[in-house]
Amino acid sequence: MRVALHVNVDHVATLRQARGTAYPDPVEAAFACERAGADGITVHLREDQRHIQPRDVRVLRETVRGTFNLEMASADATVALALEVLPHHVTLVPERREERTTEGGLDAVGQRKTLGPVIARLRAAGIKVSLFIAPDDAQIDASRALGADQIELHTGDYANAKGAALAHELAALAKGAARAHALGLRVAAGHGLTVANVGAVAAIDEVVELNIGHAIVADAVIGGMAGAVRAMRRAIARGRAGR
Ligand code: PXP
């Protein structure tokens, strides 16, 4: 089966927020991603709104043609926004204000009592719910018991691993994917994936969706730099020539 690629456009918004300008707009980036073959768009509305804003979520819900996946913590205000906007998927993630990015998986075992009612409300509204977890048996089983439709395996440890640890982390992902699939869960994966390391994860049969952001935005910045400089040179030359 083909693996769906959902592009996370958070860091387009990071660049916009750094200046408080209207550009670059993650909505425009999302159009470009889908035109280039992305199957969906993912954004993480963090509680501190450091990159994606509620406006982005509302506009993307109207403009994304494929799957629109909203990543969020299970805080009341974000759940209310999800129930208003009705993204196709919600991915529940843990969130700590001081972290640079989502550093670990959700504790579906320890947070059963709080997650259960949130998952039920989102699913009752017709939203597919995914839980971002480590490839750990107890977390996978708890996700199933909580009624999630999907899990997203956290590939951060695999992405950071070197040497013998790499094979170990990859084996853990493959084992987790097989277990989740056998339980009837749809399996996604993401975090820290790059052109260099995505292949081995894409080779895991049960993984049917990848969520990738930072590396794609980084490659777009570097790949687009020469063209942007040429465009600026042309604009300067036109100005100088009085045209
Ligand atoms: N999946 C989830 C649940 C995430 O929280 C993130 C980071 O926001 C990603 C995927 C994408 O990770 P990266 O930006 O490293 O590709």
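Preceding this section is the structure that the text describes.
Bear in mind that the values here come from a model prediction, so they are computed numbers and not experimental data. (Residues numbered from 1 in each chain as written. Predicted model: local features only at pLDDT ≥ 70, side-chain atom pairs only at ≥ 80, totals over all residues. Heavy atoms only, no water.)

Here's the deal with the nonpolar core
Now for step 1: Counting residues in hydrophobic clusters, the biggest one holds 55 residues, and the most contacted among them are Val-57, Leu-92, Leu-122 and Leu-131.
Now for step 2: Those residues in contact with Val-57 that lie beyond four places of it in its chain are Val-43, Leu-45, Ile-52, Phe-68, Leu-70, Leu-81 and Val-85. (Core = buried A, V, L, I, M, F, W, Y, C linked by side-chain atoms within 4.5 Å. Buried < 20%, exposed > 50% of the residue type's maximum accessible area, 1.4 Å probe, protein only. Contact = heavy atoms within 4.5 Å.)

Details of the packing of helix α4 (residues 76–85) against helix α5 (residues 112–124)
Now for step 1: The interhelical angle for the contact between α4 and α5, taken along N-to-C directions, is 15 degrees, at an axis separation of 10 Å. Of the possible angle classes, the one that applies to α4 and α5 is roughly parallel. With respect to the hand of their crossing, α4 and α5 are arranged in right-handed fashion. Counting all contacts with α4, which are made through Val-79, Ala-82 and Leu-83, the residues of α5 involved are Val-118, Arg-121 and Leu-122. (Axes fitted to C-alpha atoms, helices over the stretch in contact; angles between N-to-C directions. Helix = DSSP H or I, 4+ residues; strand = E, 2+ residues; numbered from the N terminus. Parallel < 35°, antiparallel > 145°, perpendicular 65-115°, else oblique. Left-handed = near helix turned anticlockwise from the far one by under 90°.)

A short note on the packing of helix α6 (residues 137–145) against helix α8 (residues 164–182)
Between two packed helices, the angle of one axis relative to the other and the distance separating the axes together describe the packing.
Now for step 1: Here α6 crosses α8 at 25 degrees, and the two axes come no closer than 10 Å. By the angle between their directions, the pair α6 and α8 is classed as roughly parallel. Regarding α6 and α8, the two cross each other, and that crossing is right-handed. Residues Asp-137, Ile-140 and Asp-141 of α6 form the contact with α8, whose participating residues are Lys-175, Gly-176, Arg-179 and Ala-180.
Now for step 2: Residue composition of the contact of α6 with α8, by class: two nonpolar, one polar and four charged. (Nonpolar A, V, L, I, M, F, W, Y, C, P; charged D, E, K, R; others polar.)

A look at the side chain of Glu-169
Now for step 1: With respect to the helices, strands and loops of the structure, Glu-169 is situated in helix α8.
Now for step 2: For the buried Glu-169, no salt bridge is present, and the opposite-charge side chain at shortest range is Lys-175, 11 Å distant.
Now for step 3: When neighbours within four sequence positions are excluded, Glu-169 is seen to be in contact with Asp-157, Tyr-158 and Ala-161. (Lys, Arg positive; Asp, Glu negative; His and termini not counted. Salt bridge = Lys/Arg side-chain N within 4 Å of Asp/Glu carboxyl O.)

Thoughts on the pattern of salt bridges
Now for step 1: Counted according to the given criterion, the structure contains 11 salt bridges.
Now for step 2: Taking the shortest distance from any N to any O, the salt bridge between Asp-137 and Lys-175 comes out at 3.4 Å. Within this pair, whereas Asp-137 is found in helix α6, its partner Lys-175 is found in helix α8, the two being separated by 38 residues in sequence.
Now for step 3: Taking relative accessible area as the criterion, Asp-137 reaches 27% and is therefore assigned partly exposed.
Now for step 4: Across the pair Arg-179 and Asp-137 runs a salt bridge whose closest N-O atoms are separated by 3.5 Å.

Quick word on a nonpolar patch on the surface
Now for step 1: A cluster of nonpolar side chains, namely Val-221, Ile-222, Met-225 and Val-229, defines an oily patch on the protein surface of about 370 Å² accessible area.
Now for step 2: Structurally, Ile-222 is set in helix α10 (residues 214–240). (Patch = residues over 30% accessible without salt bridge, like charges linked within 9 Å, V, L, I, M, F, W, Y side chains within 5 Å. Areas by Shrake-Rupley, 256 points an atom, 1.4 Å probe, with all protein chains shown as cover.)

Comments concerning α6
Now for step 1: Considered for burial, the residues of α6 that qualify are Gln-139, Ile-140, Ala-142 and Ser-143. Taken down its axis, α6 places every buried residue within 165 degrees of arc, on the same side.
Now for step 2: Against the buried residues of α6 lie β5 (128–133), β6 (150–154) and α8.
Now for step 3: The N-capping residue of α6, defined by a side-chain oxygen 3.1 Å from the backbone nitrogen of Ala-138, is Asp-136.
Now for step 4: Downstream of α6 by a residue or two, Gly-147 has a phi angle that is positive, lying close to 90 degrees. (Arc of directions from axis to C-beta. Polar contact = N/O pair within 3.5 Å; in protein donor to acceptor, adjacent residues only side chain to side chain.)

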